[in-house]
Amino acid sequence: MKASKTSAPELPNMKKPSRRAQILGNWELYLFMLPAVLYFLIFHYAPMYGIQIAFKNFVPSKGILGSPWVGFDHFERFFNSYYFWDLIWNTFSISFYELAIGFPLPIILALAFNEVRNGKFKKTVQTVTYAPHFISIVVMAGMIITFLSPSSGIIIMFINALGLDAPQFLTDPAWFKTMYVLSGVWQSTGWGTIIYLAALSGVDPQLHEAAIVDGASRFKRMLHINLPTILPTITIMLILNMGNILGVGYEKILLLQNSLNLESSDVIATYVYRAGLVDAQYSFSTAVGLFNSVINVILLITVNWIARRTSENSLW
Amino acid sequence: MNIRSKAWKLLMVGGLGASLLAGCGSSEEAASKDESVTVSKDGFPIVEKPIKLTMMAPDTGVQNWEDMVVLQETAKLTNISFEYKNAPKESFETKKNLVFASEDYPDVFYAAGLTPSEQLKYGEQGVLIPLEDLIEEYAPNFKALLEEYPDVRKSITAPDGHIYSLPVIEFNQHWYRNPLWYNGSYLEALGVDKLPETTEDLYDLLKRFKDEDPNGNGKADEIPVSSVTTPAANIRDIRTWMLGAFGMYEEELFVDDNDVVHYTPVEEGYKQYLAYMNRLWAEDLLDHESFSQTAEQKQAKGEGNQLGLFSAWHAYQLLGTEASDKDPMFLPVHAEGVEKAAIAKNGGVKTGAFAITKTNKYPEASMRWADYLYSYEGSVLFNKGPEGTLWEYTNEADHTKKAIPAPDGKDSEEIRSTLTPNYGIPAPTILTDEVNKGLTTDFDKWVENETQTKLLDNGARVPFPSLFLTIEEQSEINSLNSDLSTYVKQMEAKFITGAESIDSGWDGYVATLKKMGSDRIAEINQGAYDRWKSN
């Protein structure tokens, strides 16, 4: 292929070709990139022009540019809001809870899958754990409500049959976060293993052979061969997850929210939804959303910085 | 290769530019009117050559609007057809907000339930066009109606003197919310022949529902009262009636007999209501799923004959039985020390049902189309379906009709919902006795009598008139309300379920509400009410 010929590894003593020549020489590769770049430009960068309404009093008929500026009024209102600290606490605690439980589980499951030799059994278990991933979030919330209904829910009946007193999962604020995180685990753990399984397939079998000769047990090999091999993948996944940390899946929270669990289920995203889409306060909700994004970016940069300092892996 | 790559680049850049332009350039000016179409001022068709407009409306999801016979017949009659932009009834509010923000307006809104503040806001911005001149010229039926009922004109005219929407007029529909109904079989099993009149009587009866196995299945599975919480409000379907027992109207705002506006959640009566509900909750008389269950789950309990007192349009619909006069309507109870229960009544006129936007090229034709809905023929067609399907004339001259039984033993209401859009949504129309003439069944008459004796004769009235706030007032209320209403809703649930003690928590709760601006909300509305009153 032409591309491979032109992009042959450079030799140190060769004069570095100009950037322009480099791009022209590899134009096919850039062409492949183009759709993705366009996608981000059109759907992620162009809409940023609308962020300015966070600093304005947006009136639809005047348009984004024509609406009057109000400075930081909307931000002030949010910071002074009765719910400000509740929202921050819930958003962070749900996110970190989810990360603490939901992040290691796929890794453990993937390591376990990797040890299963029986092909048929392995495939069955994998398919079973993948399946909940394909259930839409609305259906999922409906299932959770039905299963946990105190009068007819199958899970409640099961707990009661064991002679235990089933908690009010749906309405007790103390249980909301756990219910949210555990149902998330049920839905996405299996799917999350895929990327780690792919990384595990790259483990050099010679390492295992050598370890077996040295008398290492299965568990020891998993710990000292498999885990270090997928560590870069884990780091990158962790950084990516941190970037999303305040973007908790608000659809599911919204669907499971009720007045009784509100004190532990109200997050920034659901607050934005109520202010923006229900009450039509577009400028205010944009300001809150922007605040959320800024915090997110700060978190992402911090974690990436820590990762770069402590290991060789980082996004940039 | 170079030339080809340049061509690609140009193509891509061009594509990007075009899509960016498309994104920005969508703000349209008011549509230039299409003068080529002549609109006849009377008779049909309304226009000579067929035109097509877009209509935004809430949808109950029973039938595609394109396939509704009533709309098809009207299109044939008037030569005006519509492209329907429906959104499900449950999420219509959200969709409506998005449409107003996106500037992608439909030509007309149908059954949109535009609030007074929306009418004023979008009217002043020029999105909704003023209708009064069009009514004068192109709406003979509606104009006659305004002359007959001057109050209707008063309630639909915005403070700037314009009319931005046409109303729903139902002078004989008095329900503010669905009534509560007792399960008749429970009352019979317990030998109850006198309905409770006070909150204590009611408590005793609910207790008996719970303990004496009125459904006779040997299990204590009876749920004395059940309710459903929606995003708009907690247990609204029963709180309207429970709050009434303590002299409070259910909405956040009401005006008392001395023209003083009250913010309900800080009132003493509201506190007593919370205490009463907390008692029902603690003794398991109020369904513990009331804050989390869906309407379907409640329906299932109703059909399983587990419910004693519940809200429904008609009791038989929730119990899954035939229409009967065995399930009595709830007689509003009153608490000790409260002279009479506050009973809310529907004012009969609801604005915001039909509006025309600035992008509409044929406002005159649209107005004449809407005017048809307020004629006798139009009202019969839209509310009863076409003649020969569910009804026929016994005497066409004096408009007497008789019902045709629905085929295959189906419920005729179910069939009606597939014929006409006017089902469960606030559609622009006028519903008069003439429209119903001959079609009222014995059951309808019984319901009417229950309404008259239990609600109207006991002093039901409109809790708060639907009045217009100025844009500044409205935006101040919106910003106060976004936290306030969440807090009220959250605390109501906590007080009722006992998560927060009423005795120790009430004072702090009221203080927080005041800090959040509850007094200001009452104050703004008092001002608006006084303006309305003096008009």
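The rules we used
Residues numbered from 1 in each chain as written. Chains lettered and ligands numbered in written order. Predicted model: local features only at pLDDT ≥ 70, side-chain atom pairs only at ≥ 80, totals over all residues. Heavy atoms only, no water. Helix = DSSP H or I, 4+ residues; strand = E, 2+ residues; numbered from the N terminus. Rg over C-alpha atoms; globule rule 2.2 N^0.38 Å. Buried < 20%, exposed > 50% of the residue type's maximum accessible area, 1.4 Å probe, protein only. Contact = heavy atoms within 4.5 Å. Areas by Shrake-Rupley, 256 points an atom, 1.4 Å probe, with all protein chains shown as cover. Lys, Arg positive; Asp, Glu negative; His and termini not counted. Charge placed at Lys NZ, Arg CZ, Asp CG, Glu CD. Phe/Tyr/Trp six-rings, centres within 6.5 Å; stacked < 30°, edge-to-face > 60°. Lys NZ or Arg CZ within 6 Å of the ring centre and 35° of its normal. Pairing = 2+ DSSP bridges. Axes fitted to C-alpha atoms, helices over the stretch in contact; angles between N-to-C directions. Buried area = accessible area lost by both parts, 1.4 Å probe. Salt bridge = Lys/Arg side-chain N within 4 Å of Asp/Glu carboxyl O. Polar contact = N/O pair within 3.5 Å; in protein donor to acceptor, adjacent residues only side chain to side chain. Nonpolar A, V, L, I, M, F, W, Y, C, P; charged D, E, K, R; others polar.

> Is there a simple way to explain the overall build of chain B in this structure?
Of the regular secondary structure elements, chain B holds 21 helices and 13 strands. Relative to its length of 535 residues, chain B is compact, with a C-alpha radius of gyration of 26 Å against a globular reference of 24 Å. Projecting the C-alpha coordinates of chain B onto the three principal axes gives extents of approximately 80 × 65 × 65 Å. A total of 535 residues make up chain B; the buried ones form 53% of that total. Across chain B, every contact between residues at least 6 apart in sequence was considered, and the portion connecting residues at least 24 apart equals 76%. Of the roughly 23,700 Å² of accessible surface on chain B, 50% is carried by carbon and sulfur atoms. In chain B, 51 side chains carry a positive charge and 87 a negative one; their mean positions are 5 Å apart.

> Help me understand helix α16 (residues 412-419) of chain B in this model?
Think of an α-helix as turning once every 3.6 residues; residues three or four places apart then point the same way. Within α16(B), the full set of buried residues consists of B:Ile415, B:Arg416, B:Ser417 and B:Leu419. Check the buried side of α16(B) and you find it contacts α2 (69-78) and α15 (376-384) of chain B.

> Mind showing me how you'd approach the packing of aromatic side chains here?
Aromatic rings considered in pairs are described by the distance between their centres and by the relative angle of their planes. Under the definition given, this model contains 56 aromatic pairs over all chains. Taking the centre distance of 5.6 Å and the plane angle of 65 degrees together, the rings of A:Phe78 and A:Phe291 count as edge-to-face. Of this pair, A:Phe78 sits in helix α5 (residues 73-79) while A:Phe291 sits in helix α17 (residues 282-310), and the two are 213 residues apart along the sequence. With a relative accessible area of 14%, A:Phe291 lands in the buried category. Through pairs of rings, three or more aromatic residues link up here, namely A:Tyr82, A:Tyr83, B:Tyr270, B:Tyr273, B:Tyr487, B:Phe495, B:Trp506 and B:Tyr509. A cation over a ring is seen here: B:Lys154 above B:Trp532, with NZ or CZ 5.0 Å from the ring centre.

> How do you make sense of the sheet that holds strand β2 (residues 80-88) of chain B when you look at a structure like this?
Residue and element names in this part refer to chain B. With respect to topology, 6 strands assemble into an open sheet ordered β2-β1-β3-β10-β4-β13, the strand pairing being mixed. Edge positions in the sheet fall to β2 and β13 (429-430), since each has one partner strand and no second. Note that strand β1 (residues 51-59) and strand β3 (residues 108-110) share 2 bridges and pair parallel. The partner of Met-56 across the bridge, within β3, is Phe-109. Each of β1, β2 and β3 is contacted by helix α3 (residues 92-102), which is oriented at about 140 degrees to β1, the strand it contacts most.

> How should I be thinking about the pairing of strand β12 (residues 400-403) of chain B in this particular structure?
Successive residues of a regular strand alternate their side chains across the two faces of the sheet. All names here are of chain B. Pairing between strand β11 (residues 391-395) and β12: 4 bridges, direction antiparallel. By the bridge assignment, Glu-392 is partnered in β12 with Lys-402. Connecting β11 to the antiparallel partner β12 that follows it, the hairpin turn spans 4 residues, and His-399 within it adopts a positive phi of roughly 65 degrees.

> Looking at this structure, I do not really get the interface of chain A and chain B. What am I missing?
Many structure descriptions define interface size as the accessible area lost when the parts assemble. In this complex, chain A contributes 38 residues to the contact, which on the side of chain B involves 37 residues. Taking both sides of the interface into account, the surface hidden between chain A and chain B amounts to around 3,400 Å²; carbon and sulfur atoms contribute 61%. Together, A:Trp27, A:Ser259 and A:Leu260 form the three largest contributors to the area buried by chain A at its contact with chain B, with a combined 18%. Viewed at the interface, chain B and chain A are joined by 1 salt bridge. When the shortest N-O distance is used, the salt bridge between A:Glu263 and B:Lys494 registers 2.8 Å. On the surface where chain A and chain B come into contact, there are 15 residue pairs in polar contact (both at pLDDT 80 or more). If you list the elements that add at least two residues to the side of chain A that touches chain B, you get α3 (27-45), α9 (137-147), α15 (262-265) and α16 (268-278) of chain A. Among the elements that make up the side of chain A that touches chain B, the one with the highest residue count is α3(A) (6 residues). Here the residues of the side of chain A that touches chain B sort into 24 nonpolar, 10 polar and 4 charged.

> Sorry, what's going on with the sheet that holds strand β5 (residues 180-182) of chain B here?
To summarise the sheet geometry, strands pair through backbone hydrogen bonds and adopt either a parallel or an antiparallel arrangement. Residues and elements named next belong to chain B. Taking strand neighbours across the sheet as the criterion, the 3 strands line up as β5-β9-β6 in an open arrangement whose pairing is mixed. Each of the sheet's edge strands pairs with one partner strand only, and the pair in question is β5 and β6 (223-225). The sheet shows a mean angle of 25 degrees between the axes of neighbouring strands, direction not considered. Relative to strand β9 (residues 307-311), β6 runs parallel, the two being bridged by 2 bridges. When the sheet's bridge partners are listed, Ile-223 is paired in β9 with Leu-307. Across the sheet, helix α9 (residues 199-211) is in contact with β5, β6 and β9; its angle to β6 comes to roughly 160 degrees. In the packing of helix α10 (residues 236-244) onto the sheet, contacts are made with β5, β6 and β9, and the angle to β5 comes to roughly 85 degrees.

> What is the right way to read the environment of A:Val303 from this model?
Residues and elements named next belong to chain A. Counting through the fold element by element, Val-303 comes out in helix α17. Look at Val-303 and you get buried, because its relative accessible area is 15%. Taking C-alpha positions, Val-303 is 42 Å from Leu-164, a pair spaced 139 residues apart along the chain.

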